[in-house]
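Coordinate inspection notes
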Amino acid sequence: MRKKQVIPPDDYPQMVSKSDAAKMARTLRSPEAAARGAHAIRSHGPKLRLAVHDYVRELENAAGDLRLVFEKAHELRGFAETAGLRATGRIAGGLCRYFDEMENLRAQPDKAVIALHVSALARAARAKDEAGRMSDAVVKELAALVAHKLAEIKAAP
Amino acid sequence: MAGSALEVLRVLVVEDNKHMRSLLRSLLNSIGIREIHEAANGTVALDILREKPCDLVLSDLAMLPMDGIDFTRDVRRSPRSANPFVPVIMITGHTERHKVEAARDAGVTEFIAKPITAQGLFARIAEILERPRAFVRCESYFGPDRRRKAQENYTGPWRRHGDRYDLQV
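Calculation criteria
Residues numbered from 1 in each chain as written. Chains lettered and ligands numbered in written order. Predicted model: local features only at pLDDT ≥ 70, side-chain atom pairs only at ≥ 80, totals over all residues. Heavy atoms only, no water. Helix = DSSP H or I, 4+ residues; strand = E, 2+ residues; numbered from the N terminus. Rg over C-alpha atoms; globule rule 2.2 N^0.38 Å. Buried < 20%, exposed > 50% of the residue type's maximum accessible area, 1.4 Å probe, protein only. Contact = heavy atoms within 4.5 Å. Axes fitted to C-alpha atoms, helices over the stretch in contact; angles between N-to-C directions. Parallel < 35°, antiparallel > 145°, perpendicular 65-115°, else oblique. Left-handed = near helix turned anticlockwise from the far one by under 90°. Nonpolar A, V, L, I, M, F, W, Y, C, P; charged D, E, K, R; others polar. Pairing = 2+ DSSP bridges. pLDDT = per-residue confidence, 0-100. Arc of directions from axis to C-beta. Polar contact = N/O pair within 3.5 Å; in protein donor to acceptor, adjacent residues only side chain to side chain. Salt bridge = Lys/Arg side-chain N within 4 Å of Asp/Glu carboxyl O.

So, on to the overall build of chain A. A tally of helices and strands in chain A yields seven helices and one strand. Counting helices and strands in the order they occur from the N terminus, chain A gives β-α-α-α-α-α-α-α. Its C-alpha atoms give chain A a radius of gyration of 21 Å, more than 25% over the compact-globule value 15 Å for 157 residues. For chain A, the C-alpha atoms occupy an extent of roughly 55 × 55 × 25 Å along the three principal directions. Residues classed as buried in chain A amount to 43% of the 157 residues present. For chain A, long-range pairs separated by at least 24 residues make up 65% of all intrachain contacts whose partners lie at least 6 apart in sequence.

Structure follows, in structure tokens:
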């Protein structure tokens, strides 16, 4: 039996000295850094939205391949919201949660539930008023549908 | 951010989506980091790390042919690894429990769920700089200590699966 070895930070090479690290951390936590970073994200919005549309097409083409739909939905969840497409990200997030819940319940995902999410997600991503009231309503309806389906499975003998 | 304290840092970005790579580059540029290397997957990233010293790695999780988990495992454990201690921040839309645990067990330093925010990313980098983690080496693991808070005087029962194995390998 061999004991585990713990190597404290002082015993392995650090990227910078402690005083430089403190200075860098102050810079990173400054409002100026946050503002510059937020600007960088906003300025990438148009390109990121093009990438979201690519993912949406891949998602639509993946119909029937649950593994691929699962992968693309997870990519879209993070990507869409970073691109400023809030509703698209929320619908993708709902689809991801559905997959995760079904896996936890060891149940097979319902293809109709997936198709509804994919269709809504594609419409939201291409809509001019992506984050409008209609999108919010769709997100809520889909969440209610998923909750209902999960309750059905949990209630089954 | 000209003359930033951070401009000495060298960062490797591993991400298969070129738009996301470009965004991460811009975010790093915005805080003054200039030396940024890019790789579209883990295999290319390992090659870069062998040739170019890096202080920090930002990696996606889902990539082909080598994903972020296998890449991190290789960085930590391969005898050919140029820097097994390099901090790795995993940035991903995959937040399923088993993926997060796999990333942690591969030796990831920090985990960020997309969508990315500037404050979220910068806070993680600041955390790594200010509070570098101890590393643990045992038969089944090499990487940052997976316990965030060490309780040296803890005398209660072991709660985590594998605790005893961790302590006496």
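Running from N to C, helix H1 (residues 18–28) of chain A and helix H5 (residues 118–130) of chain B point in directions that differ by 165 degrees, and their axes come no closer than 9 Å. Judged by the angle between their axes, H1 of chain A and H5 of chain B are roughly antiparallel. For the crossing formed where H1 of chain A meets H5 of chain B, the hand is left-handed. Side by side, H1 of chain A and H5 of chain B meet where Ala21, Met24, Ala25 and Leu28 of chain A of the first sit next to Phe122, Ile125, Ala126, Leu129 and Glu130 of chain B of the second. A breakdown of the residues in the contact of H1 of chain A with H5 of chain B according to their chemical character gives eight nonpolar, no polar and one charged.

A few words on the sheet that holds strand E1 (residues 10–14) of chain B. The pairing of strands in a sheet comes from backbone hydrogen bonds and takes either a parallel or an antiparallel form. Residues and elements named next belong to chain B. One open sheet accounts for five strands, arranged E2-E1-E3-E4-E5; its pairing is parallel. Both edges of this open sheet fall to strand E2 (35–39) and strand E5 (110–113), since each of them pairs with a single strand only. Strand-to-strand twist across the sheet, computed as the mean angle between neighbouring axes with direction ignored, equals 20 degrees. In terms of strand pairing, strand E3 (residues 56–59) meets strand E4 (residues 88–92) through three bridges, oriented parallel.

Right, let's talk about the confidence of the model for chain A for a bit. The share of residues in chain A with pLDDT of 70 or more is 96%, and the mean pLDDT across the chain is 88. For chain A, helix H7 (residues 133–155) of chain A is the element with the lowest average pLDDT, namely 86, and helix H2 (residues 31–43) of chain A is the one with the highest, namely 95.

In this section: H1 of chain A. Among the residues making up H1 of chain A, those that are buried are Ala21, Met24, Ala25, Thr27 and Leu28 of chain A. Seen end-on, H1 of chain A carries its buried residues on one side only, within an arc spanning 155 degrees. Exposed residues pointing more than 90 degrees away from the buried face of H1 of chain A are listed as Ser19 and Arg26 of chain A. The inward-facing, buried residues of H1 of chain A abut H2 of chain A together with H5 of chain B.

Moving on: helix H2 (residues 42–51) of chain B. Owing to its 3.6 residues per turn, the α-helix brings residues three or four apart onto one side. Residues and elements named next belong to chain B. Taken as a whole, H2 has its buried residues at Gly42, Ala45, Leu46, Ile48 and Leu49. On an axial view of H2, the arc spanned by its buried residues comes to 165 degrees, and they lie on one face. Where H2 begins, the capping side chain belongs to Asn41, and its oxygen is found 2.9 Å from the backbone nitrogen of Thr43.

On to the pattern of salt bridges, then. Under the counting rule described, the total for this entry stands at 21 salt bridges over all chains. Where Asp47 of chain B meets Arg50 of chain B, a salt bridge forms, and the shortest distance between an N and an O atom there is 3.3 Å. Note that Asp47 of chain B and Arg50 of chain B are positioned in helix H2 at a spacing of three residues, about one turn of the helix. Judged by relative accessible area, Arg50 of chain B falls into the partly exposed class, the value being 31%. Here Asp60 of chain B makes a salt bridge to Lys114 of chain B, at a shortest N to O gap of 3.7 Å. A residue pair is termed long-range when its members are at least 10 positions apart, and Asp60 of chain B in the loop between E3 and helix H3 (68–77) and Lys114 of chain B in the loop between E5 and H5 qualify at 54 residues. Per residue, the accessibility class of Asp60 of chain B equals that of Lys114 of chain B, and both read buried. Several salt bridges converge on common partners, so that one network encompasses Arg67 and Glu71 of chain A together with Lys99 of chain B.

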